[in-house]
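Residue strings, one per chain:
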Amino acid sequence: MNVIVTGVGAVIGQGIVAALRLYSEPVTIVGVDRNPEANGRHRCDNFEPKPADQSELAYRDFWHELVDSCGAELVIPGIEQDVFYFDEHRGELDACHVVLNSPEAIAAGRDKWTAVERLSGTGVDIIPSIVSGTWDEALEALGPAPLLMKPRRGSGGKGLVQLEDVSDFDYW
């Protein structure tokens, strides 16, 4: 089986590659990453860097050409950006299957607050969170400062802010 794994420079992509290596049938893994020097490229049988030109047309062509050239039967996105791309372009890679959750599950996962709301009451431990209010309401709901504020969308700690007092809260 020929499998493309994206984000092989990231820990999840590397974990996918490691898991595929445990499969009892032979698997040829083509790793993909935007970093041509990605560490995970060495764990793959072949490696293709993402194109520098990420315009819609060039990016779509890259995926079609890669799937065709390596005879991929399966694409497993290892980073959220690729999950979002393939979700928005479902069914365009006719030659292979792309491993994705349902569009509804992906949409819920893109927004942290929506994910918290969906998981509440399921038995999953949820970090206490609020989506709006005053500084005093935040302290009452979440406990004493410092508090962490994070964007509803995004990953990798981007946009994370530590709030020490009401002036920080009002600023952000």
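Conventions adopted
- Residues numbered from 1 in each chain as written.
- Predicted model: local features only at pLDDT ≥ 70, side-chain atom pairs only at ≥ 80, totals over all residues.
- Heavy atoms only, no water.
- Core = buried A, V, L, I, M, F, W, Y, C linked by side-chain atoms within 4.5 Å.
- Buried < 20%, exposed > 50% of the residue type's maximum accessible area, 1.4 Å probe, protein only.
- Helix = DSSP H or I, 4+ residues; strand = E, 2+ residues; numbered from the N terminus.
- Contact = heavy atoms within 4.5 Å.
- Phe/Tyr/Trp six-rings, centres within 6.5 Å; stacked < 30°, edge-to-face > 60°.
- Lys NZ or Arg CZ within 6 Å of the ring centre and 35° of its normal.

**Q** Explain the nonpolar core here, please?
**A** Most often, soluble globular proteins keep nonpolar side chains buried together rather than apart. Counting 15 residues, the largest nonpolar core has I4, W63, L66, V67, V75, F86 and L93 as the members making the most contacts within it. Put simply, the parts of the chain that give this core at least two residues each are β2 (28-33), α2 (56-70) and α3 (80-88). Of the residues forming this core, the biggest block, 5 residues, is contributed by α2. Once you skip the residues sitting within four places of it in the chain, I4 turns out to touch V30, V32, W63, L66, V67, C70, A72, L74, V75 and I76. Listed in part, the 13 residues of the second largest apolar core include I16, A38, L74 and I76.

**Q** In this structure, what is going on with the packing of aromatic side chains? I would like to understand it.
**A** How two aromatic rings sit relative to each other is set out by the distance from centre to centre and by the angle between their planes. What the rule picks out here adds up to 8 aromatic pairs. Ring centres of Y171 and W172 lie 4.9 Å apart, and the angle between their planes is 85°; on these two criteria the pair is classed as edge-to-face. W172 gets classed as exposed once you look at its relative accessible area, which sits at 53%. Cluster of aromatic residues (ring-pair linked, three or more members): Y59, F62, W63, Y85 and F86. Directly above the ring of F84 sits R110, whose terminal nitrogen or CZ lies 3.7 Å from the centroid.

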